[in-house]
Amino acid sequence: LGIDEAVVGNITTARELATVIAAGLVLAPMVINAADTRFDGWFEDTFVTLEAVLLSQAITQLTKSAVNRTSPFVYSPHATQADLESPDAVRSFVSGHSSFAFAAATAYTFTSWKRHPASPWRFVVLGGSHALAASVALLIVQGGFHYPTDAIAGALVGSSMGLLVPVLHHEW
């Protein structure tokens, strides 16, 4: 696709930064939630977030195995033999980093909004968490590990699971 052509051959270290931000999207909400709730409901919120992340990763890994899409870094003249023989060389679609980040951001946003439905800070949570998730997606594309369509698909999978899992746990 035309949208994917611009990143063919990219290979940078942006993936490492994306990994750090993605991990922070799970760990920081755990700490913030513990301080906010004084551990009242902390375990439940953490469980819901981790469940959403794990489910999104299961879907992502199954899709990667089924599709076997070549990663853009394979086309780089700077790719080493180890890069070319890496399992990541043919597992580009769906982006696991993007799926992970958006599942964590969406699940935390949902649980935060449920706890504080009238708080003006809920919009900060929504904007901040999803801006960080989007930065993860952009960094893995810039790093040459995924095409933009891989990152978009990962964002859709992650956001879907990040919303579905808390909704299923929600007591109506």
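Structure: above.
In this text the structure is predicted, and so the values were computed from the model without any measurement.

**Student:** Sorry, what's going on with helix α3 (residues 42-67) here?
**Tutor:** An α-helix turns once every 3.6 residues. As a result, residues three or four positions apart point the same way. Taking 1.5 Å per residue, 26 residues should reach 38 Å; α3 reaches 37 Å between its end C-alpha atoms and fits that length. Taken residue by residue, α3 has Asp45, Thr46, Val48, Thr49, Ala52, Val53, Ser56, Gln57, Thr60 and Lys64 as its buried positions. As for α3, its buried residues are in contact with α2 (14-37), α5 (96-115) and α7 (148-169). The positive-phi residue at the C-terminal boundary of α3 is Asn68, with phi of around 55°.

**Student:** Sorry, what's going on with unusual backbone geometry here?
**Tutor:** One can expect most non-glycine residues to show negative phi and most peptide bonds to be in trans. Cis peptide bonds are those with omega within 30 degrees of zero, and the linkage from Phe93 to Val94 qualifies with 10°. On the secondary structure map, Val94 appears in the loop between α4 (81-85) and α5. Backbone geometry at Phe39 places phi at a positive 70°, although glycine is not the residue there. Following the sequence through the fold, Phe39 ends up in the loop between α2 and α3. Given a relative accessible area of 58%, Phe39 falls into the exposed group.

**Student:** Even after reading the chapter, I still don't get the side chain of Ser71, so can you show me in this structure?
**Tutor:** With respect to the helices and strands, Ser71 occurs in the loop between α3 and α4. Of the residues examined, Ser71 reaches a relative accessible area of 1% and is grouped as buried. Residues within four places of Ser71 in sequence aside, it is in contact with Asp88, Ala89, Arg91, Ser92, Phe145 and Tyr147.

**Student:** Sorry if this is basic, but what is going on with the environment of Thr13 here?
**Tutor:** Among the structural elements, Thr13 can be located in the loop between α1 (2-5) and α2. Classification of Thr13 as exposed rests on a relative accessible area of 61%. Distance in space between the C-alpha atoms of Thr13 and Arg115 is 38 Å, their sequence separation being 102 residues.

**Student:** For this particular structure, what's the right way to read the pattern of salt bridges?
**Tutor:** Following the criterion strictly, the structure yields two salt bridges and no others. With its nearest N and O atoms 2.6 Å apart, the salt bridge here joins Arg115 to Asp45. Of this pair, Arg115 sits in helix α5 while Asp45 sits in helix α3; the two residues are 70 residues apart in sequence, bridging distant segments of the chain. On the basis of relative accessible area, Asp45 is assigned to the buried category, the value being 11%.

**Student:** Please clarify how the packing of aromatic side chains should be interpreted in this entry.
**Tutor:** Aromatic ring pairs are defined here through the distance separating the ring centres and the angle between the ring planes. Evaluation of the coordinates by the stated rule reveals three aromatic pairs. A cation sits over an aromatic face here: Arg15 above Phe145, 4.4 Å from the ring centre. Its end group placed over the ring of Trp113, Arg122 keeps NZ or CZ at 5.1 Å from the ring centre.

**Student:** Is there a simple way to explain the nonpolar core in this structure?
**Tutor:** As a rule of thumb, nonpolar side chains are buried together in soluble globular proteins. With 23 residues, the main nonpolar core has Leu25, Ala133 and Val136 as its most contacted residues. At the level of elements, α2, α5, α6 (122-142) and α7 are the ones that each hand at least two residues to this core. The dominant element in this core, judged by the number of residues it contributes, is α2, at seven residues. Not counting the four nearest positions on each side in its chain, Val136 is found in contact with Ala18, Ile21, Ala22, Leu25, His97, Ser98 and Ala101.

Rules of the game
- Residues numbered from 1 in each chain as written.
- Predicted model: local features only at pLDDT ≥ 70, side-chain atom pairs only at ≥ 80, totals over all residues.
- Heavy atoms only, no water.
- Helix = DSSP H or I, 4+ residues; strand = E, 2+ residues; numbered from the N terminus.
- Expected span 1.5 Å × (residues − 1).
- Buried < 20%, exposed > 50% of the residue type's maximum accessible area, 1.4 Å probe, protein only.
- Contact = heavy atoms within 4.5 Å.
- Salt bridge = Lys/Arg side-chain N within 4 Å of Asp/Glu carboxyl O.
- Phe/Tyr/Trp six-rings, centres within 6.5 Å; stacked < 30°, edge-to-face > 60°.
- Lys NZ or Arg CZ within 6 Å of the ring centre and 35° of its normal.
- Core = buried A, V, L, I, M, F, W, Y, C linked by side-chain atoms within 4.5 Å.

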